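In case you want the letters, here they are:
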Amino acid sequence: MTPGRMMDFPLTLTHLLDRARRLFPRTEIVSRQPDGTLHRQTWKDTYERSCKLAHALARLGVKDGDRVATLAWNHNRHLEAYYAVPMMGAIVHTLNLRLHPTEIGYIARHAEDAAILVDRSLLPLLNQFVASVPSVRQVIVMADDGPTPEGMLDYERLLEPEAIEYDWPRLDENAAATICYTSGTTGNPKGVVYSHRSNVLHALVSSLPDEAALSNRDAVLPVVPMFHANCWGFAHMAAAVGCKLVFPGPKLDPESLLDLMAGEGVTIAAGVPTIWIGILAQLDAHPKRWDLSRLRQMNVGGAAAPPSMIEGFEKRHGLFVLHAWGMTETNPVGTMARLKQDVADASPEERMSYRASQGYPLPFFETRHTDDQGRVLPWDGATMGELECRGPWVAASYLGDEGKDRWSADGWFKTGDVVTIDAAGYVRITDRSKDVIKSGGEWISSVALENALMSHPCVLEAAVFAGRHPKWDERPIAAIVWKKDKRATEAELTQHIAGDFAKFWMPDAYVFVEQIPRTSTGKFLKTRLRETYGAMLEGRPKKT
Ligand code: AMP
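The model shown is predicted, which means the values in this text are computed figures rather than measured ones.

Chemist: Would you mind showing me how to read the overall build of the chain here?
Modeler: What the chain contains, in helices and strands, is 15 helices and 25 strands. Taken against the 2.2 N^0.38 rule, which gives 24 Å for 544 residues, the C-alpha radius of gyration of the chain at 24 Å falls within 12% of a compact globule. In terms of its C-alpha atoms, the chain occupies a principal-axis envelope of roughly 75 × 60 × 50 Å. For the chain, the proportion of its 544 residues judged to be buried stands at 58%. Taking the contacts inside the chain whose residues are at least 6 apart along the sequence as the reference set, 68% of them involve residues at least 24 apart. Here the chain contributes 61 positive and 67 negative side-chain charges, whose respective centroids are spaced 2 Å apart.

Chemist: What am I meant to see in the sheet that holds strand β4 (residues 91-94) here?
Modeler: Overall, mixed pairing links the seven strands, which are arranged β7-β6-β5-β3-β4-β8-β9 in an open sheet. With one partner strand each, in any of the chains shown, β7 (153-154) and β9 (191-195) form the two edges of the open sheet. Pairing of strand β3 (residues 67-71) with β4 involves four bridges; the strand directions are parallel. When the bridges of β4 are listed, Ala 69 appears paired with His 93. The sheet strands contacting helix α3 (residues 76-87) are β3, β4, β5 (113-119), β6 (138-142) and β8 (176-181), and the helix crosses β4 at an angle near 145°.

Chemist: Mind showing me how you'd approach the site of the ligand here?
Modeler: Near the ligand, the surroundings consist of 16 residues, among which His 323, Ala 324, Thr 328, Gln 358 and Asp 417 are the closest. One nitrogen or oxygen atom from the side chain of Asp 417 is found 2.6 Å from an oxygen atom belonging to the ligand. Coverage of the ligand by the protein amounts to 92% of the 490 Å² it exposes when considered alone. If one sorts the elements of the shell around the ligand by residue count, strand β14 (residues 321-326) sits on top with four residues. When its residues are assigned to classes, the shell around the ligand shows six nonpolar, seven polar and three charged.

Chemist: How do you make sense of the layout of surface pockets when you look at a structure like this?
Modeler: In this approach, a probe sized like a water molecule rolls over the atoms, and the result shows the empty space that is left. The space that makes up the second largest pocket amounts to roughly 660 Å³. Around the second largest pocket, the lining comprises 23 residues; the ones closest to its centre are Ile 277, Ala 281, Asp 284, Leu 460 and Lys 483. Within the residue set of the lining of the second largest pocket, elements represented by two or more residues are α10 (273-285), α11 (307-317) and β23 (459-469). Class assignment of the residues belonging to the lining of the second largest pocket gives a composition of 11 nonpolar, five polar and seven charged. Among the domains, domain 2 (253-434) and domain 3 (437-533) are the pair contributing at least three residues each to the lining of the second largest pocket.

Chemist: I would appreciate a short explanation of α10 in the present structure.
Modeler: Turn by turn, an α-helix covers 3.6 residues, leaving residues three or four places apart pointing in a common direction. Compared with the 18 Å implied by 1.5 Å per residue over 13 residues, the 18 Å span of α10 between its first and last C-alpha is a close match. Three or more residues of α10 are buried, namely Pro 273, Ile 275, Trp 276, Ile 277, Ile 279, Leu 280, Gln 282 and Leu 283.

Chemist: Sorry if this is basic, but what is going on with the pairing of β9 here?
Modeler: Buried residues dominate β9, accounting for four of its five residues. Bridging between β8 and β9 involves five bridges; their strand directions are antiparallel. In the sheet register, Ala 176 faces β9, and the bridge partner there is Ser 195.

Chemist: Whenever I open this one, the nonpolar core confuses me. Can you help?
Modeler: Soluble globular proteins tend to bury their nonpolar side chains together. Counting residues in each nonpolar core, the largest one holds 114 residues, and the members touching the most others are Trp 43, Met 261, Trp 276 and Phe 313. Each of domain 1 (13-204) and domain 2 (253-434) contributes no fewer than three residues to this core. By size, the runner-up hydrophobic cluster in this structure holds 28 residues, among which are Ile 104, Ile 107, Val 130 and Val 136.

Chemist: What exactly am I supposed to notice about the environment of Ser 206 here?
Modeler: Among the structural elements, Ser 206 can be located in helix α7 (residues 196-206). Residue Ser 206 is classed as buried on the basis of its relative accessible area, which comes to 0%. A C-alpha to C-alpha distance of 9.6 Å links Ser 206 and Thr 335, two positions 129 residues apart in sequence. If we ignore the near neighbours within four places in the chain, the residues touching Ser 206 are Glu 211, Ala 212, Ala 213, Met 237, Val 333 and Leu 362. Here His 202 takes part through its backbone oxygen, which lies 2.6 Å from a polar atom of the side chain of Ser 206.

Chemist: Hey, could you run me through the sheet that holds strand β19 (residues 413-421) in this one?
Modeler: The strands that make up a sheet are held in pairs by hydrogen bonds between backbone atoms, and each pair lies either parallel or antiparallel. Taken together, four strands build an open sheet; the order of strands is β17-β18-β19-β20 and the sheet is antiparallel. Unpaired on one side and paired on the other, β17 (366-370) and β20 (427-432) mark the two borders of the sheet. In this sheet, neighbouring strand axes are inclined to one another by 50° on average, regardless of whether the strands run parallel or antiparallel. Across five bridges, the pairing between β19 and β20 is antiparallel. Following the sheet pairing, Val 418 is matched in β20 by Asp 431.

Chemist: Even after reading the chapter, I still don't get the packing of aromatic side chains, so can you show me in this structure?
Modeler: The relation between two aromatic rings is expressed through the spacing of the ring centres and the mutual angle of the planes. This model, assessed by the stated rule, comprises 12 aromatic pairs. Here Tyr 354 and Tyr 426 contribute two aromatic rings whose centre-to-centre distance is 4.5 Å and whose plane-to-plane angle is 45°, an arrangement assigned as tilted. With Tyr 354 in helix α12 (residues 348-356) and Tyr 426 in the loop between β19 and β20, this residue pair connects regions lying 72 residues apart in the sequence. Relative to Phe 512, the ring of Tyr 510 has its centre 6.3 Å away and its plane inclined at 10°; by these criteria the two rings are stacked.

Chemist: Hey, could you run me through the side chain of Asp 119 in this one?
Modeler: Following the sequence through the fold, Asp 119 ends up in strand β5. As a buried residue without a salt bridge, Asp 119 has its nearest oppositely charged side chain in Arg 77, at a separation of 6.3 Å. Residues contacting Asp 119, with those up to four places away along its chain left out, are Leu 71, Ala 72, Trp 73, His 75 and Met 142.

Chemist: Explain the packing of helix α1 (residues 13-23) against α3 to me, please; I cannot follow it from the model alone.
Modeler: Two numbers describe a pair of packed helices, the interaxial angle and the distance between the axes. Running from N to C, α1 and α3 cross one another at 130°; their axes reach a closest spacing of 9 Å. Compared by their axis directions, α1 and α3 come out oblique. Handedness of the α1/α3 crossing: left-handed. For the pair formed by α1 and α3, the contact residues are Leu 13, Thr 14 and Leu 17 on the first element and Tyr 82, Tyr 83, Pro 86 and Met 87 on the second. Its residues placed into classes, the contact of α1 with α3 shows six nonpolar, one polar and no charged.

Definitions and limits used
- Residues numbered from 1 in each chain as written.
- Predicted model: local features only at pLDDT ≥ 70, side-chain atom pairs only at ≥ 80, totals over all residues.
- Heavy atoms only, no water.
- Helix = DSSP H or I, 4+ residues; strand = E, 2+ residues; numbered from the N terminus.
- Rg over C-alpha atoms; globule rule 2.2 N^0.38 Å.
- Buried < 20%, exposed > 50% of the residue type's maximum accessible area, 1.4 Å probe, protein only.
- Contact = heavy atoms within 4.5 Å.
- Lys, Arg positive; Asp, Glu negative; His and termini not counted.
- Charge placed at Lys NZ, Arg CZ, Asp CG, Glu CD.
- Pairing = 2+ DSSP bridges.
- Axes fitted to C-alpha atoms, helices over the stretch in contact; angles between N-to-C directions.
- Near = heavy atom within 4 Å.
- Polar contact = N/O pair within 3.5 Å; in protein donor to acceptor, adjacent residues only side chain to side chain.
- Areas by Shrake-Rupley, 256 points an atom, 1.4 Å probe, with all protein chains shown as cover.
- Nonpolar A, V, L, I, M, F, W, Y, C, P; charged D, E, K, R; others polar.
- 1 Å grid on protein atoms, 1.4 Å probe; cavity = no way out; pocket = protein on both sides within 12 Å on 5 of 7 lines; lining within 4 Å.
- Points joined across faces, edges and corners; volume = space filled by probe spheres on them.
- Domains from an automatic or database assignment.
- Expected span 1.5 Å × (residues − 1).
- Core = buried A, V, L, I, M, F, W, Y, C linked by side-chain atoms within 4.5 Å.
- Phe/Tyr/Trp six-rings, centres within 6.5 Å; stacked < 30°, edge-to-face > 60°.
- Salt bridge = Lys/Arg side-chain N within 4 Å of Asp/Glu carboxyl O.
- Parallel < 35°, antiparallel > 145°, perpendicular 65-115°, else oblique.
- Left-handed = near helix turned anticlockwise from the far one by under 90°.

Pasting the structure below:
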């Protein structure tokens with residue numbers, strides 16, 4: 001090989017924040033505080049406060065490679081930790097505040113967190129697990145008022161005396177920067193360790209015009225928590241392009257979010273489908289109340305976006321939804337569902353089918369799907385298999401080398417998602433492998449049924465899961481949440497979807513619920529539905 005003659009310049013988060021403060025010093029970071037007021041600072045302030053935080057942490061003994069955890073909502077201080085900790089050579093570990101305290105304790109112990117930065121409002125949660133984590137030396141409370149509990153430190157008081165410049169170390173781009181744990185619906189949660197390089201590459205590629213399309217002129221609202229899968233990269237993408245960031249703090253109800261979007265001129269907002277389903281219902285009820293003329297894109301991911309929701313926003317409110325797929329293990333974004341030129345002449349129905357798919361892969365993100373024997377399957381849009389991926393922002397192993405069976409012999413990551421891939425490269429998830437419904441040996445796609453049920457005018461949400469059946473092994477059951485003041489009969493629901501599927505796909509039963517149980521990151525918790533309702537078909541003959 002003849003080596004190229006270019007500089008070996010490391011891809012680190014340090015460069016992103018340093019550039020943001022130099023070139024976009026006045027661009028704002030707006031954070032909604034717990035009392036509802038808005039806090040404002042700039043990228044320059046964020047840089048200076050990150051320097052102060054790094055000095056303070058160094059003074060407290062935080063060293064290269066130490067884990068510094070956060071237990072916090074989305075706000076400016078969390079952003080400072082997102083940068084200061086990795087830039088000083090330590091690793092920021094975002095704890096998921098929606099998990100059970102025992103589980104958070106397990107995760108903090110497993111990661112051997114040395115310090116925890118915690119929101120004042122989350123102290124009651126912290127107090128339930130912190131004593132079980134012997135590695136924690138300091139607890140630093142992020143609060144604007146009130147006394148700090150005995151034995152803990154106050155974030156603002158710590159920062160106050162420190163200098164606004166820091167002599168950042170020159171880091172290896174492959175150094176660990178960030179840790180997120182998987183939600184652990186099967187087995188213990190596993191630690192995913194992102195590097196500076198993976199974060200930077202993910203941010204650059206995700207910002208491309210055919211991906212999340214971020215620019216300097218945007219105002220981005222990540223509703224997705226900073227503790228969920230690296231905030232989908234938005235905290236890094238925003239620095240890379242130097243755009244405005246708007247953080248919702250703990251107020252995630254549709255009304256507060258809509259107020260914030262309208263008030264701050266948000267152009268891009270990102271969150272899981274539940275958030276958007278709530279916002280759509282609010283907009284349908286009050287179509288004229290908010291001025292969303294600047295909102296040009298709503299990124300949806302983390303769970304399947306129902307086509308009826310995408311269409312509802314578009315047709316009733318002129319708002320554009322961008323569907324994306326990703327995982328904690330993939331930094332997280334892997335595919336996005338934009339319409340390519342190649343399929344631009346498709347019929348309106350086909351176009352919606354592409355837009356509601358999980359999309360095609362980003363540059364440097366490779367996908368394939370395989371059968372039970374590990375054989376690679378054709379991209380024919382029909383053959384189902386497990387999605388596998390590889391690329392520079394895909395995990396190569398978990399912390400502590402657990403879960404090695406998630407990688408194929410030739411080094412691809414096995415996602416656990418059952419998909420088809422079509423000739424144009426669009427991936428469509430039919431199920432999570434553990435949620436697959438197998439009736440008499442035939443697969444039924446719960447996601448396809450849910451999407452069809454959610455297009456009924458009375459249905460707010462639908463989750464389809466497997467009920468045990470004496471003859472067919474498993475049969476589909478649909479859990480339904482009605483829209484406010486709307487109802488339909490079971491026969492009407494079945495009639496609404498019957499035209500689109502084989503007869504044996506029709507649910508054997510419906511259950512009507514107030515809400516669908518969810519995981520800590522907003523996905524349908526089908527294990528809970530199966531535990532509660534999975535036996536209801538036992539003893540029943542199969543319907544004809
Ligand atoms: P997490 O690591 O918690 O982000 O979960 C990753 C999993 O969420 C994926 O393996 C999928 O099962 C699911 N998921 C993420 N995005 C989507 C999407 N757009 N459509 C359907 N499922 C999704």
